[in-house]
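Survey of secondary and tertiary structure
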Amino acid sequence: MRRMALPVAAAALLALAGLVAVEWLRPAAPATRAEQARQIAAELRCPDCQSLSVAESQTAAAAAIRTQIVELLAAGRTPDEVRAHFVARYGEWILLAPAAPIAWWLPVVALLAGISLLAAWLWRGRRRASVAVPEPGDAASRARVRDEVERLDA
Amino acid sequence: MSLRSLRWLAVPILIVPLGWLLFTGLGNDPRTIPSPLVGKPLPAFSGTTLDGTTFSSAELAGRPAVVNVWASWCIPACVDEHPVLLAAAADHAGQLAVVGILYQDTADDARGFLARYGDGGWPNVLDASGRIAIDLGVTGPPETFFVDGTGIVRARHVGPLTAEEMAEQLAALGLAP
């Protein structure tokens, strides 16, 4: 059981690291309304450009969305409600980061599964290598083998 | 449970989802975006038209409608599509409502476009604030929404409509060619 301790500890450590990474990658909630508006704009895809956020784009469509974000926040909507407002119109496509939690957890889970499989495989290999080679036969049969070999050599 | 038995499981566990992802993902056109509006009521809108009157989407009720988002600068797509819209409006006069929404355009430029390529006489709503385009989830002109008589969006077409596509969509709305 002590041999299991290392892989288990490594897996636990990695799980913790994954958790920290996911929380760290997720943007923290901002304080002021202007900050909130900027952050929502950064999370929305600009509808008429390629791979730019609403915050980065200079197009009129992006400007209209930025204006509407500010208006909706001023009307008392929460950032989640503002995002839902645009998802209802453009679909999930408008979100630059995936909304489904599985998209955040799946890479971590897959990495952990891969590492545990690798650890288990390495651990198994080491255990097999450490198995002692048994003494082949008793004194009588060893003597017989020696005789047979000598007879062949003669 | 031995690892040897797991090894045989690994093949379907890895290959099946990967294959499925590739099979479905590669077939997708990244430029076509499914509209969440299909099957839902057309968002209400109103605005000033090129004639200076006010148009409200409430006027569309009772008959099928084609809501066409366009711009005078949308060349050649909107130019290519224009005769298709003119023909549909003429063929189904009285049965089909057509309304244009101008996407990031000025009234003068839009009037110039209609003077050059033909004015079907349907209302063209100026969307100065871009609010109507946001409510429709427009990603760029031309985009066309097909709305049935009860005000439900039945289809959304991104890009210029051909005569065949128009006939197909109108048939789905119950308008025979």
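Residues numbered from 1 in each chain as written. Chains lettered and ligands numbered in written order. Predicted model: local features only at pLDDT ≥ 70, side-chain atom pairs only at ≥ 80, totals over all residues.

Structural notes on the overall build of chain A
Broken down by element type, chain A carries six helices and zero strands. Ordering the α and β elements of chain A from the N terminus gives α-α-α-α-α-α. By sequence separation, contacts in chain A at least 24 residues apart represent 54% of the contacts at least 6 residues apart. (Helix = DSSP H or I, 4+ residues; strand = E, 2+ residues; numbered from the N terminus. Contact = placed C-beta atoms within 7 Å.)

Examining the overall build of chain B
Summing up its helical and strand segments, chain B has five helices and seven strands in all. Listed N to C, the secondary structure of chain B is α-β-β-β-α-β-α-β-α-β-β-α in terms of helices and strands. The C-alpha radius of gyration computed for chain B amounts to 21 Å, which surpasses the reference 16 Å derived for 177 residues by more than 25%, pointing to a less compact arrangement than a globule. A buried classification covers 33% of the 177 residues belonging to chain B. Counting contacts in chain B only where the partners sit at least 6 residues apart, residues at least 24 apart contribute 74% of the total. (Rg over C-alpha atoms; globule rule 2.2 N^0.38 Å. Buried ≥ 20, exposed ≤ 12 C-beta atoms within 10 Å, placed from the backbone.)

Section: the interface of chain B and chain A
Listed as interface residues are 16 residues of chain B and, on the opposing side, 15 residues of chain A. Broken down by element, the side of chain B that touches chain A gets its largest block of residues, four residues, from helix 4 (residues 131-136) of chain B. By residue class, the composition of the side of chain B that touches chain A is seven nonpolar, seven polar and two charged. (Nonpolar A, V, L, I, M, F, W, Y, C, P; charged D, E, K, R; others polar.)

Structural notes on the packing of helix 2 (residues 77-91) of chain B against helix 5 (residues 163-172) of chain B
Residues and elements named next belong to chain B. Closest axis-to-axis distance for the helix 2/helix 5 pair is 9 Å, and the angle between their directions is 35 degrees. In terms of crossing hand, the pair formed by helix 2 and helix 5 is right-handed. Between helix 2 and helix 5, the residues in contact are Val-84, Ala-87 and Ala-88 and Ala-163, Met-166 and Leu-170, respectively. Within the contact of helix 2 with helix 5, the residues separate by chemical class into six nonpolar, no polar and no charged. (Axes fitted to C-alpha atoms, helices over the stretch in contact; angles between N-to-C directions. Left-handed = near helix turned anticlockwise from the far one by under 90°.)

Describing the pairing of strand 7 (residues 153-158) of chain B
Every other side chain in a regular strand lies on the same face of the sheet, so the side chains alternate between the two faces. All names here are of chain B. Across five bridges, strand 6 (residues 143-147) lies against strand 7 in antiparallel orientation. By the bridge assignment, Phe-145 is partnered in strand 7 with Arg-156. Where strand 6 folds back onto strand 7 in an antiparallel hairpin, the turn is made up of five residues, including Gly-151, whose phi is positive at roughly 90 degrees. (Pairing = 2+ DSSP bridges.)

Side note on the pairing of strand 4 (residues 97-102) of chain B
Residues and elements named next belong to chain B. Here strand 4 lies mainly inside the structure; six of its six residues are buried. Neither face of strand 4 is open: one carries Ala-97, Val-99 and Ile-101, the other Val-98, Gly-100 and Leu-102, and all of them are buried. Pairing of strand 3 (residues 65-70) with strand 4 involves six bridges; the strand directions are parallel. Opposite Val-66, over in strand 4, you have Val-98 as the bridge partner. Between strand 3 and its parallel partner strand 4, the chain crosses via helix 2, and the hand of that crossover is right-handed. As paired elements, strand 4 and strand 5 (residues 124-126) share three bridges and run parallel to each other. Within strand 5, the position partnered with Leu-102 by the bridge is Leu-126. Taken together, strand 4, helix 3 (residues 107-117) and strand 5 form a β-α-β motif whose crossover is right-handed. (Right-handed = clockwise from strand over helix to strand, strands pointing away.)

Quick word on helix 2 (residues 33-43) of chain A
Residue and element names in this part refer to chain A. Along helix 2, the residues classified as buried are Ala-37, Ile-40, Ala-41 and Glu-43. For helix 2, the buried positions fall inside an angular range of 160 degrees around the axis, keeping them on one side. With respect to the buried face of helix 2, the exposed residues turned more than 90 degrees away are Ala-34 and Glu-35. In this fold, the buried residues of helix 2 make contact with helix 3 (60-74) and helix 4 (79-90). (Arc of directions from axis to C-beta.)

Regarding the nonpolar core
Of all hydrophobic cores here, the largest spans 49 residues; its most connected members are A:Ile65, B:Val67, B:Val99, B:Tyr103, B:Ala133 and B:Val147. Contact partners of B:Ala133, with chain neighbours within four places excluded, come to A:Ala61, B:Val69, B:Tyr103, B:Asp127 and B:Val138. (Core = buried A, V, L, I, M, F, W, Y, C linked by C-beta atoms within 7 Å.)

Description of the environment of A:Val82
Residue and element names in this part refer to chain A. As for its position among the elements, Val-82 is in helix 4. When the 23 C-beta atoms within 10 Å are taken as the criterion, Val-82 is described as buried. Sequence separation of Val-82 and Ala-110 is 28 residues, and the distance between their C-alpha atoms is 32 Å.

Here we look at the sheet that holds strand 3 of chain B
All names here are of chain B. Here we have five strands laid out as an open sheet, ordered 5-4-3-6-7, and mixed in their pairing. Every other strand in the sheet has two partners, leaving strand 5 and strand 7 as the edge strands with one partner each. Averaged over neighbouring strand pairs, the angle between their axes works out to 20 degrees when direction is ignored. Pairing of strand 3 with strand 6, which is carried by five bridges, proceeds in the antiparallel orientation. For Val-66, the partnering residue across the bridge sits in strand 6 and is Phe-146.

Focus: the confidence of the model for chain B
Where the model shows low pLDDT, its predicted coordinates should not be examined in detail. The share of residues in chain B with pLDDT of 70 or more is 93%, and the mean pLDDT across the chain is 90. Overall fold confidence for the complex sits at a pTM of 0.72, while the interface term, ipTM, reaches 0.77. (pLDDT = per-residue confidence, 0-100.)

Observations regarding the packing of helix 2 of chain A against helix 3 of chain A
For any two helices packed against each other, the geometry comes down to the angle between their axes and how far apart the axes lie. Residue and element names in this part refer to chain A. Packing of helix 2 against helix 3 leaves a shortest axis separation of 10 Å and a crossing angle of 135 degrees. Viewed along their axes, helix 2 and helix 3 adopt a mutual orientation that is oblique. Crossing of helix 2 against helix 3: the hand is right-handed. For the pair helix 2 and helix 3, the contacting residues are Arg-33, Gln-36, Ala-37, Ile-40 and Ala-41 in the first and Arg-66, Ile-69, Val-70 and Leu-73 in the second. (Parallel < 35°, antiparallel > 145°, perpendicular 65-115°, else oblique.)

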